[in-house]
Amino acid sequence: MAKSVFIAEKPSVAQEFAKALHVNFSRRDGFLEAEEYIVTWCVGHLVTMSYPEAYDQNLKRWSFDTLPFLPKEFKYEVIPAVERQFNIVKELLNRKDVETIYVCTDSGREGEYIYRLVEQMAQVHGKKEKRVWIDSQTEEEILKGIKNAKDLSEYDNLCAAAYLRAKEDYLMGINFSRVLTLKYGRNISNYMKTDRTVVSVGRVMTCVLGMIVRREREIRAFVKTPFYRVLGTVYVPAVHENDAGDSKPVNFNLEAEWRVNDRSAYAQTPYLYKENGFKEKEKAEELVRIVSEPLPANGIIEQLERKKETKNPPLLYNLAELQNECSKLFKISPDQTLNIIQELYEKKLVTYPRTDARVLSTAVCKEIHKNIGGLKAYAPVKAFAEEILNNQMQKGIEKTRYCNDKQITDHYAVIPTGQGLNNLNSLSQTAAKTYEIIVRRFLSIFFPPAQYQKVTMTVNVKNETFTASQKVQVFEGYLAVAKNSFAKAKSDSENDEREENGLFEALKKYKKGSIIELEKFDIKEGETSPPKRYNSGSIILAMENAGQLIEDEELRAQIKGCGIGTSATRAEILKKLNNNKYISTNAKTQIITPTLLGEIIYDVVENSIRQLLNPELTASWEKGLNYVAEGSITSGEYLEKLEGFVGRRTRAVMGLRNQSQLVALFNEAAKNYSK
């Protein structure tokens, strides 16, 4: 009888496939077998690219004579530590009774690469090969993936991009690391008083190091500038007496900020710091004297605007957003976050973690009631899940910004499956909290926006303008479900809310032309702030957006293109930079700073292969890989450009004679580090 082999990336995933098939398997060495099916697994990568000495033993020794190293054909080999499992898999894939191979490695570029290397080394021929593409490890999703499996050949472009990514990292890593080590390694060792220095360079890693060093140097070079703002206190009599029935009304104060206008005594003068402050305190004091004689000062309301504002639920989480959120909430590294989301995925609690998308697909939206329904068994959000389903609030979600097939490449956003809740008790406290934030973000999109009322008034006092505003929440909307159970309660929030609402009511009696009193004027001193250091979450977002740290979530979504690295690799890049001692990450705060060695490596690259520090260029390489995956350009075209770049830059470094100039740069960096 002809058999089908299911090959997964890990033993744990293979077990889930075996369970989903509902047949009696016999456990064998490295696989499971039943009458019709065999289930086996890799253990991550079984095959890797060979080191240069596999091409020629002379290449083992690092020498300018053997650079640039650009092989015509790339060699691969089985990783010795997993050779036993490879041989088991090889034998299974080539068995005469095996007719069909179902490729069940992770649904993405790297998962594709893992199987294709095995297929290549095992010399698989004459078999039907089907690609299983799943978004979660629930039984329903696995069976659907098997049923809808496409011919493996439909993923050939993705496979080509995967091979090229590996070749790119290999060629840049080997050529640039060797040439820079040969050229500058001894200088660095002498300076750092170490035995030997290897200059470790990577397409993504070096670019990220550049972002971190540049930010640190911007902070050092920053000169604080003091400025002085003038604030007026607007007196607002209460509309009603207080709750105690006392005849004395409860009055309010509202802060109003001075801003220059065309009629101001300070318009077009050199004394201004931006439009709302002064460079010198004396000028701020002069303004206070002008407007405060006498007190209280009468002001005329020149403009009064009342408007409604809405705040929409944010887009769903992708891996980068989760890594940033967990860095802020739990002070954990991107690598730790990825491990947590992977655990949630393997326990069937959430969908595939290594995704860049923040939206759902149309197909998923049609079945989304199943995910919501499962969450009725999750106590923290039971009432919200029931409210959504009882009121059919999920209807029409496919017509909103939370659903967009064009924004999905491999996988949709990370959302709860509604299943696997029996595994919650086995989670760590941080993993359980992470699951909760994913669930709450997901359910938020089915609720209406929060609504606010805002009043803004512009007051004229002796031709000087003071602006005040007050905003109150009039409808909680999605914010009700978005509040995490573990969030710290705000003290006196009810009193604050009552006061805000009272002030808002009191402001209703005013209109354009009304006279209003300003009780006093104060000067508030401030100073310009340097750029913030990256933390382990914000650097991930900056990598996702090609070096731009964009705080505004909606703007991030609009400009999103190809970033530096991928969702699957960014955490590993930071880990490698830490391991190389090029950067240091504070375990408590997750703030990232460069080390002296990291700054020295930066200066070396800046003065030899500057292009490696360019985020836009690094992102363009990633975009090129996407073009290969889409079929827009061929592997040959991409490889030709890659080899040209590597060859030219390697040869250029050999011709440099700048070692002595670099010592001055090393000295400059060293001033910032205690010996």
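Reading guide: rules and limits
Residues numbered from 1 in each chain as written. Predicted model: local features only at pLDDT ≥ 70, side-chain atom pairs only at ≥ 80, totals over all residues. Heavy atoms only, no water. Core = buried A, V, L, I, M, F, W, Y, C linked by side-chain atoms within 4.5 Å. Buried < 20%, exposed > 50% of the residue type's maximum accessible area, 1.4 Å probe, protein only. Helix = DSSP H or I, 4+ residues; strand = E, 2+ residues; numbered from the N terminus. Contact = heavy atoms within 4.5 Å. Pairing = 2+ DSSP bridges. Axes fitted to C-alpha atoms, helices over the stretch in contact; angles between N-to-C directions. Phe/Tyr/Trp six-rings, centres within 6.5 Å; stacked < 30°, edge-to-face > 60°. Lys NZ or Arg CZ within 6 Å of the ring centre and 35° of its normal. Salt bridge = Lys/Arg side-chain N within 4 Å of Asp/Glu carboxyl O. Expected span 1.5 Å × (residues − 1).

1. Quick look at the nonpolar core
For step 1, the next point in the chain: Counting residues in each nonpolar core, the largest one holds 94 residues, and the members touching the most others are Leu180, Ile188, Val208, Ile539 and Met543.
For step 2, the next point in the chain: Looking at this core element by element, the count peaks at 16 residues for helix H5 (residues 156-192).
For step 3, the next point in the chain: The contacts of valine 208, once residues within four sequence positions are left out, are Ile539, Met543, Ile564, Ile573, Leu574 and Leu577.
For step 4, the next point in the chain: By size, the runner-up hydrophobic cluster in this structure holds 74 residues, among which are Tyr102, Leu319, Leu421 and Tyr452.

2. Some remarks on the sheet that holds strand S1 (residues 3-8)
For step 1, the next point in the chain: On the basis of which strands lie adjacent, the open sheet formed by 7 strands has the order S2-S3-S4-S1-S7-S8-S9 and mixed pairing. Whereas interior strands pair on both sides, the edge strands pair on one side only; in this sheet they are strand S2 (26-28) and strand S9 (150-151).
For step 2, the next point in the chain: Strand direction decides the pairing type here: strand S8 (residues 128-131) and S9, joined by 2 bridges, are antiparallel. Note that in S9 the partner of lysine 130 across the bridge is aspartate 151.
For step 3, the next point in the chain: The strands that helix H2 (residues 83-93) touches are S1, strand S3 (31-33), strand S4 (37-41) and strand S7 (98-104); relative to S4, the one it contacts most, it runs at about 150°.
For step 4, the next point in the chain: Packing against the sheet, helix H3 (residues 109-122) makes contact with S1, S7 and S8, and its axis sits at approximately 165° to S8.

3. Some details on the packing of aromatic side chains
For step 1, the next point in the chain: Tallied over the full model, the rule gives 22 aromatic pairs.
For step 2, the next point in the chain: Seen in terms of ring centroids, tyrosine 378 and tyrosine 435 are 5.1 Å apart; in terms of plane orientation they differ by 70°. Their pairing is edge-to-face. Remark: tyrosine 435 occurs in helix H13 (residues 429-444) and tyrosine 378 occurs in the loop between helix H11 (368-374) and helix H12 (382-390); sequence separation between them is 57 residues.
For step 3, the next point in the chain: The buried category is assigned to tyrosine 378, whose relative accessible area is 7%.
For step 4, the next point in the chain: Through a chain of ring-to-ring contacts, the aromatic side chains of Tyr55, Phe69, Phe74 and Tyr170 assemble into a single cluster.
For step 5, the next point in the chain: We note arginine 441 situated over the ring of tyrosine 317; from NZ or CZ to the ring centre the distance is 4.0 Å.

4. Examining the pairing of strand S14 (residues 464-475)
For step 1, the next point in the chain: With 3 bridges joining them, strand S11 (residues 252-259) and S14 adopt antiparallel strand pairing. Paired with arginine 259 across the bridge in S14 is threonine 465.
For step 2, the next point in the chain: With 11 bridges connecting them, strand S13 (residues 450-461) and S14 associate as antiparallel partners. Bridging across to S14, glutamine 453 finds its partner in valine 472.
For step 3, the next point in the chain: As consecutive antiparallel partners, S13 and S14 are separated by 2 residues, and within that stretch lysine 462 has a phi angle of approximately 55°, a positive value.

5. A few points about unusual backbone geometry
For step 1, the next point in the chain: Here glutamate 293 and proline 294 are connected by a cis peptide whose omega angle stands at 0°.
For step 2, the next point in the chain: Relative to the elements of secondary structure, proline 294 occurs in the loop between helix H7 (281-291) and strand S12 (297-311).
For step 3, the next point in the chain: In this structure, proline 296 follows leucine 295 across a cis peptide bond, with omega equal to -10°.
For step 4, the next point in the chain: Positionally, proline 296 belongs in the loop between H7 and S12.
For step 5, the next point in the chain: Phi at lysine 348 is positive, roughly 70°, even though this residue is not glycine.
For step 6, the next point in the chain: Tracing the backbone through its elements, the reader meets lysine 348 in the loop between helix H9 (334-346) and helix H10 (362-366).
For step 7, the next point in the chain: Look at glutamine 590: it is not a glycine, yet its phi comes out positive at around 65°.

6. Re the pairing of S1
For step 1, the next point in the chain: S1 sits mainly inside the fold: 6 of its 6 residues count as buried.
For step 2, the next point in the chain: Of the two faces of S1, the one holding Lys3, Val5 and Ile7 and the one holding Ser4, Phe6 and Ala8 are both buried throughout.
For step 3, the next point in the chain: Across 6 bridges, the pairing between S1 and S7 is parallel. Pairing of lysine 3 across the sheet is with valine 98, part of S7.
For step 4, the next point in the chain: As paired strands, S1 and S4 are joined by 5 bridges and run parallel to one another. From the neighbouring strand, phenylalanine 6 faces S4, where its bridge partner is valine 39.

7. Topic: the pattern of salt bridges
For step 1, the next point in the chain: This structure, assessed with the given rule, holds 47 salt bridges.
For step 2, the next point in the chain: The salt bridge involving lysine 348 is made with glutamate 16; its shortest N-O contact spans 2.9 Å. In this pair, lysine 348 sits in the loop between H9 and H10 while glutamate 16 sits in helix H1 (residues 11-21), placing the two residues 332 residues apart along the sequence.
For step 3, the next point in the chain: Relative accessible area serves as the criterion here: at 11%, glutamate 16 is assigned to the buried category.
For step 4, the next point in the chain: A salt bridge links lysine 520 to aspartate 522, with the nearest nitrogen and oxygen atoms 3.8 Å apart.
For step 5, the next point in the chain: Taking the relative accessible area as the measure of exposure, lysine 520 reaches 42% and is therefore partly exposed.
For step 6, the next point in the chain: Through salt bridges with shared partners, a single ionic network connects Arg109, Glu110, Arg165, Glu168, Asp169, Arg203 and Glu622.

8. Quick look at the sheet that holds S12
For step 1, the next point in the chain: Overall, antiparallel pairing links the 6 strands, which are arranged S10-S11-S14-S13-S12-S15 in a closed barrel. Neighbour-to-neighbour, the strand axes of the sheet open up by a mean angle of 35°, direction not taken into account.

9. Overview of H13
For step 1, the next point in the chain: The end-to-end C-alpha separation of H13 is 23 Å, in line with the 22 Å expected for 16 residues at 1.5 Å each.
For step 2, the next point in the chain: Of all 16 residues in H13, 12 are buried; the element is thus mostly enclosed.
For step 3, the next point in the chain: Where H13 is concerned, the buried positions are Ala431, Thr434, Tyr435, Glu436, Ile437, Ile438, Val439, Arg440, Arg441, Phe442, Leu443 and Ser444.

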